[in-house]
Amino acid sequence: MRRGNQTDVYDAFVKLGDDPAQPISWVGSVRSGDPELAWHAAKEIYTRREDATVLWVAQRSAMVTSGPEDLESMRTPSRLTYRLPGKVGRRRRARAKLADVQPVGGAEA
Amino acid sequence: MTITQGHGIDDDTRLAQKYELWDEMPEGYREAAARIASFQALAELVGVLPFAEWLDRAPDFERKQMLAAKIQDEVGHGHVTARVAEDLGVPREQILSDFAEGRSKLLNIFHYRFETWEEIGPAALLMNSSAIVQFQALDKGTYLPYARALRKIEKEESFHYHHAIDLTHQTMTLGTPEQRALAQRSFETWLPRLLAYFGPPDTDTYQQNPMYTFGLKVKSNDQLRQEWLTKIVPVFRDLGIQVDPDLARFDEDLQEWVYAAPDWIEIKRILNEGGPMLAHWRAHIAGTLERNGTYRDIALEGVPA
C-alpha cells in the first residue's frame, strides 16, 4: 500500500452508457495543475464517443493504492474460510450425519 | 513467407503474463513499455500536424467540423499515451523536447505534408486502416495500461476511418476528372509509404526481439502487412481507385499479397536524416513548447512568487 506522490496527476473515473447499474470504472489519467481543469481535460479525453453519466477525477497524491505486497491480505476467500457458506454448510452436514437426521437447507456450494 | 495460421493470439504463451504499472516487471520490460508508449505519443502529436494545417482550408463547414474532431481526437490520443509513458518515468516534456532537439525519430509516414485537399482522403484512409490493424494486434499485448489506452483510441480511429472513406468517396463521386486523378495519385504515392510503415520484412530472428518476447509487439511486420492489404485493397477498389497489380495483388498460388517492395534504403535515409517536412514539424513543436512554456509552468507549478 502506498500514497500517490504526484500532485499534478488526476485519475479519471466514468460511468458510460444507458445502464445505470454499470459500475463506475477507472479509465485513465490526465495531468493538470488544477482540479477543475483536470475534470475538463478528462471530459474532453475520456468521454468523446460514449455518453457518460458520471465523471470523477481524483488527485493521485490524495489516493492510497494497493501494491503487489497487498495481494495476500486482500485474498479473503482462502484466508478467511470461516466466512464462507461452504464452511458452515459442511459443519451442518457433518453434525446431521452424526445425529442421523436430514440436514436443513440442502447442499451448499 | 506465409501468414502463420493457427498460431492464435489466445494460446500464445508470450501473452499470458500481463503487467500493471505497479507489478514487478522483467529486466528491461519497463523501459521497453515506456519506449512504445512515448513513441506513439510523439506520433500522435506530430502526426496531427499535416491535418491541422488544412483546418482553415477545409472546403465546407461540416468537413471542417469533422476534421477538427479528428485533430482533437489525435491530440487526446497523444495525451493518453503520454500518460502511460509518464507513469513509467518518461515525462511528456522530454518526449517533445527530444523530438524538437533531434534526439528521437519519427515514423516515416509523418515526414510529409498533403499538397492538395484531394490527397488527404486516400492518404488518411491508408493511415487509419493501418493504424487500426496495428492497434488491434497491440491491444492484446502484455502491458495493460497501454492496451487499455489503445482500446479507447480504436473507437475513435473507427470514426477517422469512415471519415476518410467519405472524403475519398466525395472526390471520386462528385469530383472533376482532375480531382479524381489527384486522389488516384495520392493512393499510389501513399501505398508504398504505408507498406513501409509496418517495418522491414521479418527476419529469421524476429521472434528473439525483446519487444516480441515481452509480448509488447504482438504480431510480426509481415503478418500485419498482409492483414492490412486484405482489408484495405477491396475498400479502395470499391471507391473507384485503380489498384495496379504491380503495386499490390493477391497471389492465389502463394495465398498471400505480393506488392512492390518499398525502397528500404530511401526509407532508412528518411528515418535517419529526415523527410521533406521533418525540420518544419520540429520547428513547430519547438515553437509551441517555448510559446506555451510560461503558461505550462504556472499551470503545473503555480504562480511564481
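What you see is a predicted model, and the numbers here were worked out from it, not measured in a lab.

In terms of helices and strands, chain A carries 4 helices and 5 strands. Each helix and strand of chain A, placed in order from N terminus to C terminus, yields the pattern β-β-β-α-β-β-α-α-α. Its C-alpha atoms give chain A a radius of gyration of 23 Å, clearly above 13 Å, the size a compact globule of 109 residues would have. With the C-alpha coordinates of chain A rotated into their principal frame, the extents come out at 70 × 35 × 15 Å. The long-range share in chain A, meaning contacts at least 24 apart out of those at least 6 apart in sequence, stands at 51%.

Attention now goes to the overall build of chain B. Across its full length, chain B carries 11 helices and 2 strands. Written out in order from the N terminus, the α and β elements of chain B read α-α-α-α-α-α-α-α-α-β-β-α-α. A compact globule built from 305 residues should have a C-alpha radius of gyration of about 19 Å, and chain B, at 20 Å, falls within 12% of that. Here the C-alpha coordinates of chain B stretch approximately 65 × 50 × 35 Å along the principal axes. Considering chain B as a whole, with its 305 residues, one finds that 35% of them fall into the buried category. Sequence-distant contacts in chain B: of pairs separated by 6 or more residues, those separated by 24 or more amount to 78%.

Quick look at the packing of helix H1 (residues 29-47) of chain B against helix H3 (residues 61-87) of chain B now. When two helices pack together, you describe them by how their axes are tilted relative to each other and by the distance separating the axes. All names here are of chain B. The interhelical angle for the contact between H1 and H3, taken along N-to-C directions, is 160°, at an axis separation of 8 Å. Classed by the angle they form, the pair H1 and H3 counts as roughly antiparallel. Seen along the crossing, H1 lies across H3 with a hand that is left-handed. Mapping the contact onto sequence places Ala-34, Ala-37, Ser-38, Gln-40, Ala-41, Glu-44, Leu-45 and Gly-47 in H1 and Glu-74, Val-75, His-77, Gly-78, Thr-81, Ala-82, Val-84 and Ala-85 in H3. For the contact of H1 with H3, the residue count by class is 8 nonpolar, 6 polar and 2 charged.

Moving on, we get to the sheet that holds strand S4 (residues 52-59) of chain A. Residue and element names in this part refer to chain A. Spatially, S3-S2-S4 is the arrangement adopted by the 3 strands of the open sheet, whose pairing is antiparallel. The sheet terminates laterally at strand S3 (25-31) and S4, the two strands that pair on one side only. This sheet shows a mean twist of 25° between the axes of neighbouring strands, independent of strand direction. As judged from the 6 bridges shared by strand S2 (residues 9-16) and S3, these two strands associate in the antiparallel manner. Along S3, the bridge assignment pairs Ala-12 with Gly-28.

At the interface, 13 residues of chain A touch 13 residues of chain B. When residues in the side of chain A that touches chain B are grouped by element, the largest group, 4 residues, is from S3(A). For the side of chain A that touches chain B, a count of residues per class yields 3 nonpolar, 4 polar and 6 charged.

What follows covers the packing of helix H5 (residues 117-138) of chain B against helix H9 (residues 221-239) of chain B. All names here are of chain B. Close contact between H5 and H9 brings their axes to 10 Å; oriented N to C, the two are set at 130°. The angle between the axes of H5 and H9 places the two elements in the oblique class. You can see that H5 and H9 cross each other, and the crossing is right-handed. Here H5 contributes Leu-126, Ser-129, Ser-130, Val-133, Gln-134 and Ala-137 to the contact with H9, which in turn contributes Leu-224, Glu-227, Trp-228, Lys-231 and Ile-232.

Moving on: the pairing of S2(A). In terms of strand pairing, S2(A) meets S4(A) through 7 bridges, oriented antiparallel. Bridging from a neighbouring strand, A:Ala12 pairs with A:Val57 of S4(A).

Many descriptions give the size of an interface as the accessible area lost when the pieces come together. Under the domain assignment, chain A is made up of domain 1 (2-65) and domain 2 (75-99). Averaged C-alpha coordinates put domain 1 of chain A and domain 2 of chain A at centres separated by 41 Å.

Further remarks concern the nonpolar core. Counting 76 residues, the largest nonpolar core has A:Ala42, B:Ala33, B:Ala37 and B:Ala85 as the members making the most contacts within it. Excluding residues that lie within four positions of it along the chain, B:Ala33 makes contacts with B:Leu88, B:Tyr143, B:Tyr146 and B:Leu216.

All names here are of chain B. Topologically, Arg-193 is positioned in helix H7 (residues 177-197). Given 22 C-beta atoms within a 10 Å radius, Arg-193 is considered buried. For the pair Arg-193 and Asp-263, spaced 70 residues apart in sequence, the C-alpha to C-alpha distance is 9.2 Å. With sequence-adjacent residues up to four places away left out, Arg-193 is seen in contact with Asn-108 and Ile-109.

Quick notes on the rules
Residues numbered from 1 in each chain as written. Chains lettered and ligands numbered in written order. Predicted model: local features only at pLDDT ≥ 70, side-chain atom pairs only at ≥ 80, totals over all residues. Helix = DSSP H or I, 4+ residues; strand = E, 2+ residues; numbered from the N terminus. Rg over C-alpha atoms; globule rule 2.2 N^0.38 Å. Contact = placed C-beta atoms within 7 Å. Buried ≥ 20, exposed ≤ 12 C-beta atoms within 10 Å, placed from the backbone. Axes fitted to C-alpha atoms, helices over the stretch in contact; angles between N-to-C directions. Parallel < 35°, antiparallel > 145°, perpendicular 65-115°, else oblique. Left-handed = near helix turned anticlockwise from the far one by under 90°. Nonpolar A, V, L, I, M, F, W, Y, C, P; charged D, E, K, R; others polar. Pairing = 2+ DSSP bridges. Domains from an automatic or database assignment. Core = buried A, V, L, I, M, F, W, Y, C linked by C-beta atoms within 7 Å.

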